[in-house]
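# Structural characterization, general
Given next are the chains, with one letter for each unit.
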Amino acid sequence: MTDYFEIGQIVNTFGIKGMVKIKPFTENIEQFEELEKIYIKNKSSKKEYKIQEVKYHKQMVLIKFEGIENPEDADLLRGSYVLINRKDAKPLEEGTYYIVDLLGLDVYTEEGVLLGKVDDIFNTGSNDVYVVKDGLGKQVLLPGIDEVIKEVDLENKKILVHIIPGLI
């Protein structure tokens, strides 16, 4: 399992005091208020920054970091990814998982047939959809509902699914 989660990307600067505008990758953007520090990752490095202030503007998160005092300093962070340490993440409810932990897991039917690996997960509004790819690149889309996703075994890196008629 990965030690860090990407929770957003810095897309621009905001104002004259060195704030950055972050496009969040999480549904719960209020979690930014609970963080004391985050990590900024660019192509060559990952650096810790302490958070001074958090605001919101049009579904974006605005953050002021210690040591970033003007738009020029903030602009150097543009395009970088915002990460948090796994230990700083909010605990999940029973039966829910971080997407990053599900990617790459083998997906088996109840009959023991390997469908492929989880390649992506996206949300449709009503439920998640698991994109499963086999070794030849063929995709199967599985709804992330209890009727289909029967068991997630992170320790053994596999997911057991029930294929309802007409699904594939």
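In short, a report on the structure. Here, residues in each chain are numbered from 1, in the same order as that chain's written sequence. Per-residue local features are limited, in this predicted model, to residues with pLDDT of at least 70; the limit for side-chain atom pairs, both in listing and counting, is 80 or more; totals at the level of whole chains, interfaces and linings are taken over all residues. Side-chain metrics rest on all non-hydrogen atoms present in the structure, leaving aside hydrogens and water.

## Digging into the side chain of Lys64
Here is the rule we go by: Secondary structure elements are taken from DSSP: a helix is a run of H or I of four residues or more, a strand is a run of E of two residues or more, and numbering for both begins at the N terminus. Two N or O atoms form a polar contact when they lie within 3.5 Å of each other; inside protein one atom must be a possible hydrogen donor and the other a possible acceptor, and for residues adjacent in sequence the pair counts only when both atoms belong to side chains. Note on contacts: a residue pair is in contact if any heavy atoms of the two residues lie within 4.5 Å.
For Lys64, the position within the fold is in strand 5 (residues 60-65). Within the structure, the side chain of Lys64 is placed 2.4 Å from the backbone oxygen of Ile68, a separation counted as a polar contact. Side-chain polar atoms of Lys64 contact the side chain of Glu69, separated by 3.4 Å. Among residues more than four places away in sequence, those in contact with Lys64 are Lys17, Gly18, Met19, Lys50, Ile51, Gln52, Glu53 and Glu69.

## Notes on unusual backbone geometry
This is how it is decided: Exposed residues in this analysis have more than 50% of their type's maximum accessible area, buried residues have under 20%, and partly exposed residues fall in between, with area computed by a 1.4 Å probe over protein chains only.
Phi is positive for Lys58, close to 50°, though the residue is something other than glycine. With respect to the helices and strands, Lys58 occurs in the loop between strand 4 (46-57) and strand 5. One non-glycine residue, Gln59, adopts positive backbone phi at about 65°. Within the secondary structure, Gln59 sits in the loop between strand 4 and strand 5. By relative accessible area, Gln59 is classed as exposed at 65%.

## Thoughts on the packing of aromatic side chains
As a reminder, the rule being used: In summary, the pairing rule links any two rings of Phe, Tyr or Trp, Trp by its six-membered ring, whose centres are within 6.5 Å, and it sorts them by plane angle into stacked for under 30 degrees, edge-to-face for over 60 and tilted for everything else. Look at NZ for Lys and CZ for Arg. If either is within 6 Å of the ring centre and within 35 degrees of the ring normal, a charge sits over the ring.
Evaluation of the coordinates by the stated rule reveals 4 aromatic pairs. Ring centres 4.2 Å apart and planes at 35° place the aromatic pair Phe5 and Tyr98 in the tilted group. Taken together, the positions of Phe5 in strand 1 (residues 4-14) and Tyr98 in the loop between strand 6 (81-85) and helix 2 (99-102) put the pair 93 residues apart, joining distant regions of the chain. Given a relative accessible area of 7%, Phe5 falls into the buried group. When the ring centre of Tyr4 is taken as origin, the NZ or CZ atom of Lys46, which lies over that ring, is 3.6 Å away.

## A word on the sheet that holds strand 2 (residues 19-24)
Inclusion rule: A pair of strands is treated as paired once DSSP finds two or more bridges between them. Between N-to-C directions, angles cover 0 to 180 degrees, with each direction set by a line fitted to C-alpha atoms, over the stretch in contact for helices.
A barrel is described by the order of its strands in space; here 6 strands give the closed sequence 1-2-5-4-3-6, paired in antiparallel fashion. For this sheet the average axis-to-axis angle between neighbouring strands, irrespective of direction, equals 50°. Across 6 bridges, the pairing between strand 4 and strand 5 is antiparallel. Bridged to Ile51 within strand 5 is Phe65.

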